[in-house]
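Below, each chain spelled out in residue letters.
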Amino acid sequence: MSRSDHSDMRIGCPECEARVDASVPPGPGIHEERATNRLQGRETACRNCGHELELYYY
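Moving on, we get to the overall build of the protein. Tallying secondary structure elements over the protein gives zero helices and four strands in all. In the protein, the order of α-helices and β-strands from amino to carboxyl end is β-β-β-β. Taken across its 58 residues, the protein has 16% of its residues classed as buried. By element, 42% of the accessible surface of the protein is carried by carbon and sulfur atoms, the whole surface being about 5,000 Å².

Next up, the structure:
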């Protein structure tokens, strides 16, 4: 069995309130000693209504 390095997220669509499943790759996180925290993003769409969503993470 293989392990994925991605984290699964479940969010609600702001248009139709359907559950949207998405996964994001691991990021560096927020570290106080690092001044260059990189905000990353990922796009996905609701399978129910097609609304486009943008997810942001560190």
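Having seen the structure, we can now continue with the description.
What follows deals with the environment of Cys46. Note that Cys46 resides in the loop between strand 3 (40-45) and strand 4 (52-57). Spatially, the C-alpha atoms of Cys46 and Pro14 are 9.6 Å apart, while their sequence positions differ by 32 residues. Sequence-distant contacts of Cys46, that is, excluding residues within four places in its chain, are made with Cys13, Cys16, Ala18, Val20, His51 and Leu53.

Here the focus is a nonpolar patch on the surface. The grouping of Ile30, Leu39, Tyr56 and Tyr58 at the surface amounts to a nonpolar patch, some 460 Å² of accessible area in total. The residue Tyr56 is located in strand 4 in this model.

Here six bridges tie strand 3 to strand 4, and the two strands are oriented antiparallel to one another. Directly across from Gln40, in strand 4, lies its bridge partner Tyr57. Here strand 3 hands over to strand 4 after six residues, with Gly50 in that stretch at a positive phi of 85 degrees.

Glancing now at unusual backbone geometry. Backbone geometry at Glu17 places phi at a positive 65 degrees, although glycine is not the residue there. With respect to the helices and strands, the residue Glu17 is situated in the loop between strand 1 (7-12) and strand 2 (19-24).

Let us look at the pattern of salt bridges. Counted by the stated rule, this structure contains two salt bridges. In this structure, Asp21 engages Arg19 in a salt bridge whose closest nitrogen and oxygen atoms are separated by 3.3 Å. Take Asp21: its relative accessible area is 46%, and that puts it in the partly exposed class. Connected through salt bridges with shared partners, the residues Arg10, Arg19 and Asp21 form a single ionic network.

Rules used in this analysis
Residues numbered from 1 in each chain as written. Predicted model: local features only at pLDDT ≥ 70, side-chain atom pairs only at ≥ 80, totals over all residues. Heavy atoms only, no water. Helix = DSSP H or I, 4+ residues; strand = E, 2+ residues; numbered from the N terminus. Buried < 20%, exposed > 50% of the residue type's maximum accessible area, 1.4 Å probe, protein only. Areas by Shrake-Rupley, 256 points an atom, 1.4 Å probe, with all protein chains shown as cover. Contact = heavy atoms within 4.5 Å. Patch = residues over 30% accessible without salt bridge, like charges linked within 9 Å, V, L, I, M, F, W, Y side chains within 5 Å. Salt bridge = Lys/Arg side-chain N within 4 Å of Asp/Glu carboxyl O. Pairing = 2+ DSSP bridges.

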